[in-house]
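The lines below spell out each chain.
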Amino acid sequence: MAARIRLPLLLPRSLPPLKTLKHVHTEAAVKEPQYPPIVASLTAKSKAARLRQIEERVKKISASPVEEKLSLITRIQRMKFVVYPQTFARNPDRWYQHFTKTAYIPGLPEKFTPGTESSPSAADQAAVPGIDEAAFSDIRDLVTRVILHEHWHKVKKRKPFLYRSQEQVVGPFLRTLVSDLTYSLAKYNPLLRLCSLDLSPQVNFYWRRGKRTIPKGHRKGRPEPIRFQIDDHPHSQIRIPQQLPQFTPLEASFTAEVPEVSLAPNMMPLFRRQYENTIFTGAKLPDPACYGHTQFHFVPDRYHRERMARQQQPDQVEPFLRANAMASLFAWTGAQAMYQGFWNYEDVSRPFVSQAVITDGHFFSFFCYQLNTLALSVEVDANNPRKNLLWGTESLRLYEGVQDGEVVGLNDGVIRLLVQFLMNQPHS
């Protein structure tokens, strides 16, 4: 029978100390497991899923070329408010400022300031850069011939149909005036030799601004962006292959004030329709003349100042003109920016500029627009200090009338402003 041996508790000195012993399970560093990020489902009916759907759609649009980007932006058709540049609503300019985030600045930018004085003496002293007095005298004679020519045709023509007088009389006058001035000034402004003059073009723009809760239907209670569409038909417009210089630095719009309208757009009133969303500058995407220069509009008969005076609404003449310029220039300039790849989630990196002239045959109004932002939806407008800017003049009378074959009271200040607008070009 083997005897039991009691081993000592102390280890012998010949063994190495315990601190030098290495264990196999401690040699490999502990690595944390890497799992894919937890994201919301693309098919669930939850707020997180909806946010992810929007995020994926924004990534897809941003990575697409311009033509496909425009198609993706305008693909989803919902009910939208149709904004009419020439509207019967009262004080529409304040509403349009809110819809387009545009601040109105009375007068014209500094480069046009000398010609905006209403007194003839101040207008005569203002010189047009690049145009001497002899050339201006020829342009003045040209405007006089156009006025007399259209007056002769007006006398010879039969009485126009109801509400067609402006279209049949002022339309041809404006078309002749614009084409002749553009041709005459082409030798002083080389950019006009490369321009494209569009007659009766179509301009469209689609955007989102604000948010509402769906009141009824199977989507009742869900938030939805408020959609807008402008379908404009200017009389004529000039497109150029180079962009016009900015009127003011982009940062100058941070302090501008835009009125806030808390009422729904249908209180203006505006009406909602559902049809194809369109973004169009008046030319297709590959056209080299992709930048806007100047638009020309004429006031239709139903909004003529004489008819407005008979309806005891003379105070609505200037707000109507401002609203017309604001909506038309915002749509045209915004479409130009989107042709360059900018959109709601990729705001413009430089200002886009356009000009407009609105007339009823005797009175002319001049407007300048600078687009500083396209980020107008609720998701991206929260911390966006940029505002779009619109400069404009009051109505200026071109001439008093025609007597004995001569134009009476021709205003040289209006002619100088027309020339200054057409002579505007990029810095060399």
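What counts and how
- Residues numbered from 1 in each chain as written.
- Predicted model: local features only at pLDDT ≥ 70, side-chain atom pairs only at ≥ 80, totals over all residues.
- Heavy atoms only, no water.
- Helix = DSSP H or I, 4+ residues; strand = E, 2+ residues; numbered from the N terminus.
- Buried < 20%, exposed > 50% of the residue type's maximum accessible area, 1.4 Å probe, protein only.
- Contact = heavy atoms within 4.5 Å.
- Areas by Shrake-Rupley, 256 points an atom, 1.4 Å probe, with all protein chains shown as cover.
- Expected span 1.5 Å × (residues − 1).
- Polar contact = N/O pair within 3.5 Å; in protein donor to acceptor, adjacent residues only side chain to side chain.
- Axes fitted to C-alpha atoms, helices over the stretch in contact; angles between N-to-C directions.
- Parallel < 35°, antiparallel > 145°, perpendicular 65-115°, else oblique.
- Nonpolar A, V, L, I, M, F, W, Y, C, P; charged D, E, K, R; others polar.

With that settled, the discussion passes to the overall build of the chain. Helix and strand counts for the chain stand at 10 helices and 14 strands. Expressed as a percentage of its 428 residues, the buried residues of the chain come to 48%. Long-range contacts, defined as pairs at least 24 residues apart, comprise 79% of the intrachain contacts of the chain with a sequence gap of at least 6. When the accessible surface of the chain is totalled, it reaches about 24000 Å², and 54% of it is carbon and sulfur.

This part covers helix 10 (residues 412-423). Across its 12 residues, helix 10 extends 16 Å between first and last C-alpha, which sits within 8% of the 16 Å expected from 1.5 Å per residue. In terms of burial, helix 10 is largely enclosed, as 12 of its 12 residues are buried. Within the span of helix 10, buried status applies to Asp412, Gly413, Val414, Ile415, Arg416, Leu417, Leu418, Val419, Gln420, Phe421, Leu422 and Met423. The N-capping residue of helix 10, defined by a side-chain oxygen 2.9 Å from the backbone nitrogen of Gly413, is Asn411.

Take the packing of helix 1 (residues 47-62) against helix 2 (residues 66-73) next. Look at helix 1 against helix 2: their axes get within 9 Å of each other, and the N-to-C directions meet at 150 degrees. Put simply, helix 1 runs roughly antiparallel to helix 2. Between helix 1 and helix 2, the contacting residues are Arg57, Lys60, Ile61 and Ser62 on the first element and Lys69, Leu72 and Ile73 on the second. Here the contact of helix 1 with helix 2 is built from residues that sort into 3 nonpolar, 1 polar and 3 charged.

This brings us to the environment of Arg193. You can see Arg193 is positioned in the loop between helix 6 (165-185) and strand 3 (196-199). By relative accessible area, Arg193 is classed as exposed at 53%. Put simply, Arg193 and Tyr183 are 10 residues apart on the chain and 8.2 Å apart in space, counted from C-alpha to C-alpha. Side-chain polar atoms of Arg193 contact the backbone oxygen of Ala186, separated by 3.0 Å. A distance of 3.5 Å separates the side chain of Arg193 from the backbone oxygen of Lys187, its partner in a polar contact.

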